[in-house]
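Close look at the chain arrangement
As a plain string of letters, each chain reads:
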Amino acid sequence: MPARRGKNFRSGDLAEQLGLYLLQSMALVAPVPRTEDVGIDVVCTLISEYDQYSYLAEDSFYVQIKSDSIREIEYSDIEVQWLTNLKLPLFVAVVDKAEMMVSIFTCKRLYDAIALKKDRKEIRLILSENKNENVFDLVDQEQTDIFLGRPIFEWKLSDLMNEEVRIKTLFFNVMKEHIRIIHEAMELYMIGCGTSYVWKTNEIPERIGAKACGTLNMTTDELNGRMMTYLIKSLELAMKEHNFCMIDEAESLIKEYRELHDRFQQMLERKVEANDDDSNI
């Protein structure tokens, strides 16, 4: 609209610019042009010291930048499908202009939700923690609200002025671990499983266990293909390292599952025979 600019748009623009600057102080940042923006504002890449002249590019991830006035992000129908099919970890950066601060939220909890039910019609990401949730539980199949938890990292512009080296090193270490966790979650949700982590802001997260299984988000053939690839590689490494305890454990586990399968088949056969006898009476 000529000669005018909406106040809300202007406020959001300023928050995004501040968020970009604070992110650029920590990582390589490739902003997505507004004309190409479909939900990702920035592609970030962690960097580490390579030598006195250069940095080394490491893990990449997506970031959505939001003003601190926004505490919920809603997705519905095809937007949910787009969200759950992202190939890089997604984080949300919340910008506080008054404090000149940015807070990073991980979307790891999203994969706990789709591990139980991928084809959800609606998802609402809540930028806070739910103190009533049990971290060992998957998100209920009918639950729409997904609480992302407390921020995994936050820093102010003044931190860059006063302790730049320390805050950059801490950011790299914390983000690298959370990126690894989301990649792990992306693998596990395909078989309806997840892992439980707890964290405090600006600290390395701690794994506390595994979550219950949900629905299988791949075909049986796809699962068998992945399983055999990992199993063969594991056995190859065990042979190479002469880790015969691992081989014995794998052999015992396969044997136990085979015996369980055989017993189950026998139960089914006896049930069919009993039904046939009843029908002949």
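Preceding this section is the structure that the text describes.
Here the residue index of a chain counts from 1 through its sequence in written order. It should be noted that, the model being predicted, local features are given only for residues of pLDDT at least 70 and side-chain atom pairs only at 80 or more, the latter also being counted only at that level, while totals for whole chains, interfaces and linings use all residues. Think of the side-chain values as coming from all heavy atoms in the structure, minus any hydrogens and water.

1. Remarks on the overall build of the protein chain
Helix and strand assignments follow DSSP, with helices taken as H or I runs no shorter than four residues and strands as E runs no shorter than two, numbered in order from the N terminus. A count of helices and strands for the protein chain gives seven helices and eleven strands. Burial status across the protein chain gives 36% buried among its 281 residues. If you take every contact in the protein chain between residues at least 6 apart in sequence, the share linking residues at least 24 apart comes to 60%. When the accessible area of the protein chain is evaluated, it comes to approximately 17400 Å², of which 54% is carbon and sulfur surface. Think of it in three bands: residues with accessible area under 20% of the maximum for their type are buried, residues over 50% are exposed, and the middle band is partly exposed, with areas taken using a 1.4 Å probe on protein chains only. By definition, residues are in contact when any of their heavy atoms lie within 4.5 Å. To be clear on the numbers: accessible area is Shrake-Rupley with a 1.4 Å probe, and residue cover counts the displayed protein chains and nothing else.

2. Comments concerning the nonpolar core
In a soluble, globular protein the nonpolar side chains are often hidden away together inside. Within the largest apolar cluster, 59 residues are counted, with the highest numbers of intra-cluster contacts made by Ile104 and Trp155. It is helix 5 (residues 164-188) that contributes the most residues to this core, ten residues altogether. Setting aside chain neighbours within four positions, we find Trp155 in contact with Leu22, Leu23, Met26, Met100, Met101, Val102, Ile104, Leu160, Ile167 and Phe171. Here, the term nonpolar core denotes a set of buried Ala, Val, Leu, Ile, Met, Phe, Trp, Tyr and Cys residues that are joined through side-chain atoms within 4.5 Å.

3. A closer look at empty space enclosed by the protein
In this analysis the probe radius is 1.4 Å and the grid spacing 1 Å, with only protein atoms considered; a cavity is a set of points the probe fits into but cannot get out of, a pocket is an open set with protein on both sides within 12 Å along at least five of seven lines, and lining residues have an atom within 4 Å of a point. Grid points are joined across faces, edges and corners, and a volume is the space filled by probe spheres set on the points. The tally for this structure, following the rule as stated, stands at one cavity of 30 Å³ or more. Lys108, Tyr111, Asp112, Ala185, Leu188, Tyr189, Cys193, Gly194 and Thr195 together form the lining of the largest cavity. Put simply, the parts of the chain that give the lining of the largest cavity at least two residues each are helix 3 (108-116) and helix 5. The element contributing the most residues to the lining of the largest cavity is helix 3, with three residues. When its residues are assigned to classes, the lining of the largest cavity shows five nonpolar, two polar and two charged. When residue character is reported, Ala, Val, Leu, Ile, Met, Phe, Trp, Tyr, Cys and Pro are called nonpolar, Asp, Glu, Lys and Arg charged, and the others, Gly included, polar.

4. Details of helix 5
Between its first and last C-alpha atoms helix 5 spans 36 Å; for 25 residues at 1.5 Å apiece the expected length is 36 Å, and the two agree. Every buried residue of helix 5 is accounted for by Ile167, Phe171, Phe172, Val174, Met175, His178, Ile179, Ile181, Ile182, Glu184, Ala185 and Met186. Multiplying one less than the number of residues by 1.5 Å gives the expected span of a helix.

5. Considering the sheet that holds strand 4 (residues 72-76)
Taken together, the three strands give an open sheet; going across it, the order is 4-7-8, and neighbouring strands pair in mixed fashion. Each edge of the open sheet carries a strand with a single partner, namely strand 4 and strand 8 (145-147). Each strand axis lies, on average, 20° off the axis of its neighbour in the sheet, ignoring direction. Here the rule is simple: two strands pair whenever DSSP picks up at least two bridges between them. Lines fitted to the C-alpha atoms define the axes, with helices restricted to the stretch that makes contact. Angles between their N-to-C directions range from 0 to 180 degrees.

6. Focus on the environment of Gly149
By secondary structure assignment, the location of Gly149 is in the loop between strand 8 and strand 9 (153-156). Along the chain, Gly149 and Cys107 lie 42 residues apart, while their C-alpha atoms are 9.0 Å from each other. If we skip the residues at most four places from it in the chain, Gly149 touches Phe105, Ser128, Glu129 and Trp199.

7. Some details on the side chain of Asp96
Secondary-structure assignment places Asp96 in strand 5 (residues 90-96). There is no salt bridge for the buried Asp96, and the closest opposite charge comes from Lys97, which lies 7.5 Å off by N-O distance. Here the side chain of Asp96 touches Ala98 through a polar contact of 3.1 Å, landing on its backbone nitrogen. Leave out the neighbours within four places in its chain, and Asp96 touches Leu18, Asp68 and Met101. By the counting scheme adopted, Arg and Lys are positive, Glu and Asp are negative, and His together with the chain ends is not counted. Salt bridge, as used here, is a side-chain nitrogen of Lys or Arg placed within 4 Å of a carboxyl oxygen of Asp or Glu. N or O atoms within 3.5 Å of each other form a polar contact, as long as, within protein, one can give a hydrogen and the other can take it, and as long as residues adjacent in sequence are counted only when both atoms are side-chain atoms.

8. Section: the side chain of Arg120
Relative to the elements of secondary structure, Arg120 occurs in the loop between helix 3 and strand 7 (122-126). In this structure the side chain of Arg120 is engaged in a polar contact, spanning 2.8 Å, whose partner is the backbone oxygen of Ala113.

9. Some remarks on the packing of aromatic side chains
Only centres within 6.5 Å qualify two rings of Phe, Tyr or Trp (six-membered ring in Trp) as a pair; their planes then separate them into stacked at under 30 degrees, edge-to-face at over 60, and tilted for everything else. All told, the structure shown has four aromatic pairs when counted by the stated rule. For the pair Phe153 and Trp155, a centre-to-centre distance of 5.7 Å together with 55° between the ring planes defines the contact as tilted. Each member of the pair, Phe153 as well as Trp155, is classed as buried. For the ring pair Trp155 and Phe171, a centre distance of 5.3 Å and an interplane angle of 65° mean the geometry is edge-to-face. Of the two residues, Trp155 sits in strand 9 while Phe171 sits in helix 5, which places them 16 residues apart along the sequence. Among the residues examined, Trp155 registers a relative accessible area of 0% and is labelled buried. Each residue in the set Phe153, Trp155 and Phe171 is aromatic and connected to the rest through ring pairs, giving one cluster.

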